[in-house]
Amino acid sequence: MSILLDASARVLIVGITGKFGTFSVKDLAQSDTKVVAGIAFGRDGQAIDNVPVFSSVGKAIAETGANAALIYVPAAGALDAVLETIEAGCPLIAYPGDGLPVLDAMEMRTSALRAGAHLVGPNSPGLISPGKAKLGFMPSFCYAPGPIAVISRSGSLSYEACFRLSSAGLGQTSVIGIGGDPVRGVNAAEAIALFHDDPQTRAIVYLGEIGGSEEYALADYAQRPDAKPSAALLVGRTAPAGKKMGHAAAMIGSYAESWAAKIDALDRAGVVIARDLDGLAGAAASALSRAMESAA
Amino acid sequence: MHYAFMLLTEAHGKALLRAAAIPTPLSYELRSLDEVRACAVGFPVAVKAQVSSGGRGKAGGIRKAASAFELEDAFRSIMDMTFAGERPQSVLAESWLDIARELYLAVTIDGRAGGFSVLYSPRGGVDIEDGPPPLNYPIGLARNFRAHEFRKLLEGVERDVKLRERIISTARRLLDVASNHECLTVEINPLVVLKDGSLVAGDAKIVLDDAAAFRKSATAAAIAASREMADREIRRCADANLMLVWLDGEIGLISGGAGMTMAAMDAIDGAGSEPACFLDVSGNPTPAGFSLAFDLLDRALRVKGILISMFGGGLHTDRVAKTLIDILKTRSSTKPVVLRLNGTSSDRATEILRGAGYHNHATLEAAVADIVKRVGRAA
């Protein structure tokens, strides 16, 4: 199993003729993912790498049975593209773009929740269920199938972290990028709930950072008696307060947003802490062995 | 383009509050001695530095003046000060308030609320951060605000019925400001209760959402103004789509992606040294981007050595290797450089680097250990 995305995915790429769109048509095909339709205004009836192109998401879904969308449009048009896709009935949408106004992220999140759809992003590489399907632009060689769930606020960190996990024999059920912006579609609490319900996920690895409060969702979860074992790596231990470290949400504005406060809460909740990237595979293995012990 | 964050000056913020019918003290923004001398304010006044960074009160940027002479004196000395590297462009001379109480009221973005949260504390003022965390009313979209829900929360911390209702209506107006101007934070601290029980905004801290600049010309103008104010190096990086934050250490770090750049900073710390910067070149991993990065770090006196750590996902590290060799060949600085290019095409990157006499480290940790050792030797 996996969360949200599996081998039955039929992917629609909105913005299929752009730089990211043309890259992903080929890249997803090489990652065993079926791309069944693309959207590009005014190019109805054409094809990109044998993928039919439509002008409307509704028509594309009706004709191809697409059930997952990857949306590559600039921030100025992103809200319209995401709303069209949600309202066309698409249950799973990844919007990887960054620089999205927060008000638009709020509208996207609200619309997705109301429709019962899952939105991944903004400012995220997307979602991958290794060996099954990929809805995003993360490098496939970093991933391998296995029992570990990965939730990450950072794209770059998730690539290298998963590469290290895979190299250590710790494959993944699904890896979800919840994004580096303050308001998002699927958030940490919702991702954790999905992985909790996935029978093949044995342990959860959380890759977080300074700023915001997402990490406390894991601390809350880890205290539940039925929680799956978890490990966490938070980056930004050496980041100064009051400075935005790349991501819109990676800024320490209060003590609760600092590395020390979050690590303390996670540690007290029983999450295995990796102090550095170097310690991540060990922490993940330790969480997984706890899962094995409790199953035995 | 990315700058730290778009904090408006108090004068600008209060203009937005006034336009939303939130009372502010009578005030004059003064830019020159002529304006100071012509100012017909009644004394005493608060004289406040207008800067786009926090903490000015503790840094001496707020003074009391009881006469025209004292106002001129305060103006001269404040305009001569710097706050987090920034010189005030003006001061605000503001009627001294007859304060009964100081409250804290803010609208901010909260990830766990999925949007806006309203924050309230019955004890506002300069030491707000030392007290208990404020009451949090999570709402998400502004249209989800419900006076009765907020009232229920306030009942636990605020007994005065009239005051409670004034706080509720002010909170709704703050949400209007936040929505209409696309703000990440609209904070009034202190929200002053006057002796007659009415509320006045003693300060205004408004942070605009820079991502909305494409449809908010006022935000675009504020970004352009902050670009003029920004440090020259930060501006060069922002224009080239690199993300730079200077830190206090000695290892110049060039990395890719916000998360991995922070991970590398932490690894340098773990190895007993300190990073000199957060420098993310993933937005522009080209000869121009890397050249700018080297130029900045080679010039910076504090930087004793440079670590380049890139993990190639979409990025082809063999191309990066070629770019780096071209730069290293012509570079005049003798600061040691340590390389670590992993991921896509890293075998070819290693070969290319070896051909030019450079070692490509297999892991971040090995590269960090190497640069820390070399810098230690250089010191």
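Criteria and cut-off values
Residues numbered from 1 in each chain as written. Chains lettered and ligands numbered in written order. Predicted model: local features only at pLDDT ≥ 70, side-chain atom pairs only at ≥ 80, totals over all residues. Domains from an automatic or database assignment. Contact = placed C-beta atoms within 7 Å. Helix = DSSP H or I, 4+ residues; strand = E, 2+ residues; numbered from the N terminus. Nonpolar A, V, L, I, M, F, W, Y, C, P; charged D, E, K, R; others polar. Buried ≥ 20, exposed ≤ 12 C-beta atoms within 10 Å, placed from the backbone. pLDDT = per-residue confidence, 0-100.

Draft legend 1. Focus on the domain arrangement of chain B. All names here are of chain B. As assigned here, chain B comprises domain 1 (1-25 + 98-230), domain 2 (26-96) and domain 3 (231-378). Counting residues at the interface gives 10 residues for domain 1, matched by 15 residues for domain 2. Elements with a minimum of two residues in the side of domain 1 that touches domain 2: helix H1 (10-19) and helix H6 (217-229). Taken together, the residues that form the side of domain 1 that touches domain 2 break down as six nonpolar, three polar and one charged.

Draft legend 2. Structural detail: the domain arrangement of chain A. Residues and elements named next belong to chain A. Parsing chain A into structural domains produces domain 1 (10-120) and domain 2 (138-295). For domain 1 and domain 2, the distance between their C-alpha centres works out to 27 Å. Every contact between the two is made by 11 residues of domain 1 and, on the other side, nine residues of domain 2. For the side of domain 1 that touches domain 2, the element with the most residues is helix H4 (residues 102-115), which contributes six residues. Considered class by class, the residues forming the side of domain 1 that touches domain 2 number eight nonpolar, two polar and one charged.

Draft legend 3. Representation of unusual backbone geometry within the structure. A cis amide bond, omega 10°, links Gly-121 of chain A with the succeeding residue Pro-122 of chain A. Within the secondary structure, Pro-122 of chain A is located in the loop between strand E7 (118-120) and strand E8 (126-129). Along the chain, Phe-43 of chain B connects to Pro-44 of chain B via a cis peptide bond; the corresponding omega equals 0°. Inspection of the secondary structure assignment puts Pro-44 of chain B in the loop between helix H2 (33-38) and strand E3 (45-50). Notably, Asp-32 of chain A is not glycine yet its phi reads approximately 60°, a positive angle. Following the sequence through the fold, Asp-32 of chain A ends up in the loop between helix H1 (19-30) and strand E2 (34-39). Take Asp-32 of chain A: there are 14 C-beta atoms within 10 Å of it, and that puts it in the partly exposed class. Although it is not a glycine, Ala-21 of chain B adopts a positive phi angle of roughly 65°. Tracing the sequence through the fold places Ala-21 of chain B in the loop between H1 and strand E2 (27-30).

Draft legend 4. Focus on the confidence of the model for chain B. Taken over all residues, the pLDDT of chain B has a mean of 93, while the share at 70 or more is 98%. If you check the scores for this complex, the pTM reads 0.93 and the ipTM reads 0.94.

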